[in-house]
Amino acid sequence: MSFNHIVFQNILRDKWTYVSYFLSSMFSIIIFFLFSVIVFHPSLKSLDPDSTLGITLMLASMLVYLFSFIYITYSIMAFLRKKTKTLGIFMITGASMKQIRKLIFRENLFIGILAIMAAIVLGLVITPLFLMGAKVVLKAETFGMYLPLQAIGLTIGLFLILFIVISKVVTKFINKEASIQLLKSDTVIEKSIQPHYILLAVSSVMTVMLAYILKIDHAVVESLGVIYYFLFFASILCTIYFVITQGFRLFLIMFEKSPAYLRKTNMLLASNLNAKMKSHANMLFLITILLSGVFLCTSILFSSYYNVKKDSEENYPYSFQYIADPKVNADMVKKDLDYLETKLATVEANKYFIEFKSNEDQRLGYMALSDYNLLLQQDNDLRKDEFIAVAGSRGVLPITQNASDKYIKSFKLANINEQNLLSTGFQNSYFIVPDDIYQAIDYPVYKTYIYELDNWSAHTALANTITEDIPSLPGQRYFTSKIDLYNTEMFIKSVMFFIGSMLSLIFLSAAMSILYFYLQTTLMQEKNKYIGIRKLGLSKKELATIIAKELAILIFVPFTLAITLLLTTLIAMRAMVSTAFLQVSIASSCCFFVLFLISYFFIRKSYFKRLVN
């Protein structure tokens, strides 16, 4: 019998353990492969790698691979924990540690190669459907099927290296004494969770203080930079960990003192939870963190769609805005306006012609009250010594100090308009003055032509054509379009949504896979325990009740904690959170709850069947 034959037979004898490890690895590889198919798609070749979108795609690829590395490492470690007893048998029969490590290395490499091949084949099968979905999400005109040779090569190369490195490293953690001891005793007694109430209080206070600093003093946050965010993230993780571990410990203590402890099978349930208190608490912590990431990412990504239209209108208030520079040739302006009239002849559009004068040194604009009322469709009135201050940039308050102004230094401030009047950033602020005062101001005149379309978001193709033919030329013309901005922002949000969806899918599957591996590694021990208890008279129905309650704790407690974290975040950010964000958060939480409920019934049925079989 050759060594490779032993490897192969060892896999066949415990095929279900290897199948779970194979499937989890294959899923991670498929996600990375499909993501790579998008990254290397010919439609994105024109994308600037140094742009925000290009950098985001690159970082997301690295993040997907990094998470796959961590996830597969965890899967291998869980796999090794279940194989510890088998390894002890090999050691007792005379196998050296070198041979054991060689055996594990070949097994992992063999499973890894199979997982890579299966992921590539399955990925190629579902790629056409995946590209169709990506085309809808990314709103791409051409996003058809192609032969993803680069994606195939990158996936094979990176994951082959990953499996070789991980398989080599994890074999160093095989402990000969622990394997033999487990084989002899057949049970491992966990250490109980110790009370750490002081650490819980310290981490909670630190988290609250850092969150409060973030809310009231951004100067401190900016001065500390990355260090602050690292401390904040670490304090949140520590607080969550201590809340779960100490909360779990207190729950069991209070439960054992309550009258419900003696009812039906609750005593056995409490005994089982006490015996696995530490491992259960660690599992609850891991799943809570993963689900919190899923819920926050999903809520933020989905709600971002709701704000694109509003943000575009606030940045560029009009469908098309053409500002002629005072030094421009009048013939060029006439030619551009004739072009616009021709292109917009087939659509319903409101047209406005206004002008403003600019103190170009300070970038302060002066506008006549009549033009201001025309733009806003209002009937504002001003006295001869009053003015209105209007914002020049979105989110920046307008300048109201006029004591040093050449023309309106003695004027009184009548009103403030915090919404930018024209395209954001063109002027620092605008001063709205009576018409006769405006005529006396001696500054360069910027003639402005504005077109506002009905149902403007439906004219993206028209906007693309016009902005390509009439680009902004500093010193001649300044052309902006909220339609073009909306289209660009929607594409970026779509790509971000696509990236976040892939990451959320990985996190969600990782949470379920980690739970599955945890149950698998303790299956034989639990089976032997319940066989002994059943001999004392425990029925299958009573056993099913205990299993159902224990699995409900492992699945729904992390879900509840993650939802609580999401709601806490929303409450803390209520001033910055839109109604759409709240609606999306509630809707996505309900969808995830349904998925978890289905997963619960499936896992409960499968686990119970294997436990009593």
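Residues numbered from 1 in each chain as written. Predicted model: local features only at pLDDT ≥ 70, side-chain atom pairs only at ≥ 80, totals over all residues. Heavy atoms only, no water.

**Q** Would you mind going over the overall build of the chain with me for this structure?
**A** The helix and strand tally for the chain stands at 19 helices and eight strands. Within the chain, contacts between residues at least 6 apart in sequence are counted, and of these 83% link residues at least 24 apart. Accessible surface computed for the chain: about 31900 Å², of which carbon and sulfur atoms make up 65%. (Helix = DSSP H or I, 4+ residues; strand = E, 2+ residues; numbered from the N terminus. Contact = heavy atoms within 4.5 Å. Areas by Shrake-Rupley, 256 points an atom, 1.4 Å probe, with all protein chains shown as cover.)

**Q** Hey, could you run me through the sheet that holds strand 5 (residues 412–417) in this one?
**A** Two orientations exist for strands paired in a sheet by backbone hydrogen bonds: parallel and antiparallel. The strand order across the open sheet formed by eight strands is 5-4-6-3-2-7-1-8, and the pairing between neighbours is mixed. Of all strands in the sheet, those bounded by a partner on one side alone are strand 5 and strand 8 (477–480). Mean inter-strand twist for the sheet, computed between neighbouring axes without regard to direction, equals 25°. With nine bridges joining them, strand 2 (residues 349–359) and strand 7 (residues 445–453) adopt antiparallel strand pairing. Paired with K357 across the bridge in strand 7 is V445. Here helix 15 (residues 460–469) sits on the sheet in contact with strand 1 (320–324), strand 7 and strand 8, set at roughly 165° to strand 8. (Pairing = 2+ DSSP bridges. Axes fitted to C-alpha atoms, helices over the stretch in contact; angles between N-to-C directions.)

**Q** So what exactly am I meant to see when it comes to the nonpolar core here?
**A** Across soluble globular proteins, nonpolar side chains show a tendency to be buried alongside one another. Within the largest apolar cluster, 91 residues are counted, with the highest numbers of intra-cluster contacts made by F159, L291 and F295. For this core, the element with the most residues is helix 16 (residues 482–521), which contributes 16 residues. Among the nonpolar cores identified, the runner-up in size contains 23 residues, and M332, Y451, I470 and Y486 belong to it. (Core = buried A, V, L, I, M, F, W, Y, C linked by side-chain atoms within 4.5 Å. Buried < 20%, exposed > 50% of the residue type's maximum accessible area, 1.4 Å probe, protein only.)

**Q** I'm lost on the packing of helix 12 (residues 330–343) against helix 15 in this one. Help?
**A** Running from amino to carboxyl end, helix 12 crosses helix 15 at an angle of 165°, the nearest separation of the two axes being 11 Å. Judged on the interaxial angle alone, helix 15 and helix 12 are roughly antiparallel. Seen along the crossing, helix 12 lies across helix 15 with a hand that is right-handed. For the pair helix 12 and helix 15, the contacting residues are Y339, L340 and K343 in the first and L462, T465, I466 and D469 in the second. Of the residues assigned to the contact of helix 12 with helix 15, the class counts are four nonpolar, one polar and two charged. (Parallel < 35°, antiparallel > 145°, perpendicular 65-115°, else oblique. Left-handed = near helix turned anticlockwise from the far one by under 90°. Nonpolar A, V, L, I, M, F, W, Y, C, P; charged D, E, K, R; others polar.)

**Q** When you look at unusual backbone geometry in this model, what are you seeing that I'm missing?
**A** Trans is the prevailing form of peptide bonds, just as negative phi is the prevailing case for residues other than glycine. Unusually for a residue other than glycine, R363 sits at a positive phi of about 55°. Structurally, R363 can be placed in the loop between strand 2 and strand 3 (364–368). Residue class for R363 comes out partly exposed when judged on its relative accessible area of 32%. The phi dihedral of Q377 is positive, around 55°, even though this residue is not glycine.

**Q** Can you help me understand the pattern of salt bridges in this one?
**A** Oppositely charged side chains can form a pair if their charged atoms are brought close together. Tallying each qualifying case throughout the model produces nine salt bridges. A salt bridge links K351 to E341, with the nearest nitrogen and oxygen atoms 2.7 Å apart. Separated by ten residues along the polypeptide, K351 in strand 2 and E341 in helix 12 bring together distant segments of the chain. With a relative accessible area of 47%, K351 lands in the partly exposed category. Exposure remark for E341: the relative accessible area of 33% places this residue in the partly exposed category. Across the pair K482 and E452 runs a salt bridge, and its minimum N-O distance is 2.9 Å. (Salt bridge = Lys/Arg side-chain N within 4 Å of Asp/Glu carboxyl O.)

**Q** Even after reading the chapter, I still don't get the packing of helix 7 (residues 197–216) against helix 9 (residues 226–257), so can you show me in this structure?
**A** What describes two packed helices is the angle between their axes and the distance between those same axes. Between helix 7 and helix 9, the least distance of the axes is 8 Å, while the angle of their chain directions is 145°. In the crossing of helix 7 with helix 9, the sense of the turn from one axis to the other is left-handed. Taken together, the residues of the contact of helix 7 with helix 9 break down into 17 nonpolar, six polar and one charged.

**Q** What's the story with the pairing of strand 3 in this structure? I'm lost.
**A** Buried residues dominate strand 3, accounting for five of its five residues. Side chains L364, Y366 and A368 project from strand 3 onto one buried face, and the interleaved G365 and M367 project onto a second face that is buried too. With four bridges joining them, strand 2 and strand 3 adopt antiparallel strand pairing. Along strand 3, the bridge assignment pairs K357 with Y366. Summarising the sheet, strand 3 and strand 6 (residues 429–433) pair through five bridges and their orientation is parallel. Bridging from a neighbouring strand, L364 pairs with S429 of strand 6.

**Q** Looking at this structure, how should I read the side chain of R249?
**A** When you line up the elements, R249 lands in helix 9. Here R249 sits buried without a salt bridge, and the closest side chain of opposite charge, E256, lies 9.8 Å off (N-O distance). Not counting residues up to four positions away in its chain, the partners in contact with R249 are I193, Q194, P195, Y197 and M277. (Lys, Arg positive; Asp, Glu negative; His and termini not counted.)

**Q** Is there a simple way to think about the packing of aromatic side chains in this case?
**A** Aromatic ring pairs are defined here through the distance separating the ring centres and the angle between the ring planes. Taken as a whole and assessed by the stated rule, the structure comprises 23 aromatic pairs. Each member of the aromatic cluster is reached from another via a ring pair, and the members are F556, F559, F593, F596, Y600 and F601. The side chain of K357 reaches across the aromatic face of Y438, ending 4.6 Å from its centre. (Phe/Tyr/Trp six-rings, centres within 6.5 Å; stacked < 30°, edge-to-face > 60°. Lys NZ or Arg CZ within 6 Å of the ring centre and 35° of its normal.)

**Q** Looking at this model, I keep getting lost on the environment of G425. Mind explaining?
**A** The topology assignment puts G425 in the loop between strand 5 and strand 6. On the basis of relative accessibility, which here comes to 32%, the residue G425 falls in the partly exposed class. Between the C-alpha atoms of G425 and R363, which are 62 residues apart in sequence, the distance is 9.6 Å. Sequence-distant contacts of G425, that is, excluding residues within four places in its chain, are made with R363, G392 and S393.

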